[in-house]
Amino acid sequence: MISIPDFDIIEEIYEGSNVIISRAKRNTDELFVIIKLLKRDYPTGGELNRLRHEYETLCLLANAKSVINVYGLLEHGNSLLLVLEDIGGFSLKEH
């Protein structure tokens, strides 16, 4: 399981070819969150830009009731991770 400073990883929800999505608890306020982390230690510029674009799009939609909250885009080594609201859902694979 991955290790991310300031977060306790609870479970891995999904692992794809480019990303790992995990449920975690943020240590600063004990808020449950979803973390979307680029998988490679040295992601491509395209991968970094896609995650930045996802963050920016979610920020633009922040007031929409049907869109989850975005809490931040953080640097993680040479990569980025997206911190999102955890609504307590489950993956389609589990369904």
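Residues numbered from 1 in each chain as written. Predicted model: local features only at pLDDT ≥ 70, side-chain atom pairs only at ≥ 80, totals over all residues. Heavy atoms only, no water.

### A word on the overall build of the chain
Put simply, the rule is: Strands here mean DSSP runs of E at least two residues long; helices mean DSSP runs of H or I at least four residues long; both are numbered from the N terminus. For the radius of gyration, the atoms used are the C-alpha atoms, and the globule rule reads 2.2 Å times the number of residues raised to 0.38. In what follows, residue pairs with any heavy atoms lying within 4.5 Å of each other are defined as contacts. Residue burial considers only the protein chains on display, and all accessible areas are found by Shrake-Rupley using a 1.4 Å probe. Residues counted as positive are Lys and Arg, residues counted as negative are Asp and Glu, and His and the chain ends are not counted. Every charge is mapped to an atom, namely NZ of Lys, CZ of Arg, CG of Asp or CD of Glu.
Summing up its helical and strand segments, the chain has one helix and five strands in all. Counting from the amino terminus, the chain carries its helices and strands in the arrangement β-β-β-α-β-β. The globule rule puts the C-alpha radius of gyration for 95 residues at 12 Å, and the 13 Å found for the chain is close to it. Referenced to the eigenvectors of the C-alpha coordinate spread, the extents of the chain come out at roughly 35 × 30 × 30 Å. Long-range contacts, defined here as pairs at least 24 residues apart, represent 36% of the contacts in the chain between residues at least 6 apart. As displayed, the chain has an accessible area near 6400 Å², and 51% of this comes from carbon and sulfur atoms. Counting 10 positive and 15 negative side-chain charges, the chain places the centres of these two groups 5 Å from one another.

### Focus on the confidence of the model for the chain
Low pLDDT marks regions whose predicted coordinates should not be analysed in detail. Applied cut-off: The quantity known as pLDDT measures the predictor's confidence residue by residue, on a range of 0 to 100.
On average, residues of the chain carry a pLDDT of 91, and 98% of them reach 70 or more. Within the chain, the lowest mean pLDDT, 93, falls on strand β1 (residues 7-15), and the highest, 96, falls on strand β3 (residues 31-38).

### Description of unusual backbone geometry
Excluding glycine, residues mostly have negative phi values, and the peptide bonds linking residues are mostly trans. To keep it simple, the criterion reads: Buried means the residue's accessible area, taken with a 1.4 Å probe over protein chains only, is under 20% of the maximum for its type, while exposed means over 50%, and partly exposed covers the values in between.
If you check the backbone angles, Asp6 has positive phi at about 75° while not being a glycine. With respect to the helices and strands, the residue Asp6 is situated in the segment before β1. Phi is positive for Glu30, which is not a glycine, with a value near 60°. Relative to the elements of secondary structure, Glu30 occurs in the loop between β2 (19-26) and β3. For Glu30, a relative accessible area of 54% gives the class exposed.

### Brief notes about the nonpolar core
Within soluble globular proteins, side chains that are nonpolar generally end up buried alongside one another. Cut-off, in case you're wondering: To define a nonpolar core, start from buried Ala, Val, Leu, Ile, Met, Phe, Trp, Tyr and Cys residues and group those joined through side-chain atoms within 4.5 Å.
Val19, Ile34, Leu38, Leu48, Leu51, Leu58, Val70, Leu80, Leu82 and Leu84 form the largest nonpolar core, which has ten residues in total. Once residues within four sequence positions are removed from consideration, Leu58 is found in contact with Val67, Ile68, Val70, Leu82 and Leu84. Listed in part, the nine residues of the second largest apolar core include Ile4, Ile9, Val33 and Leu37.

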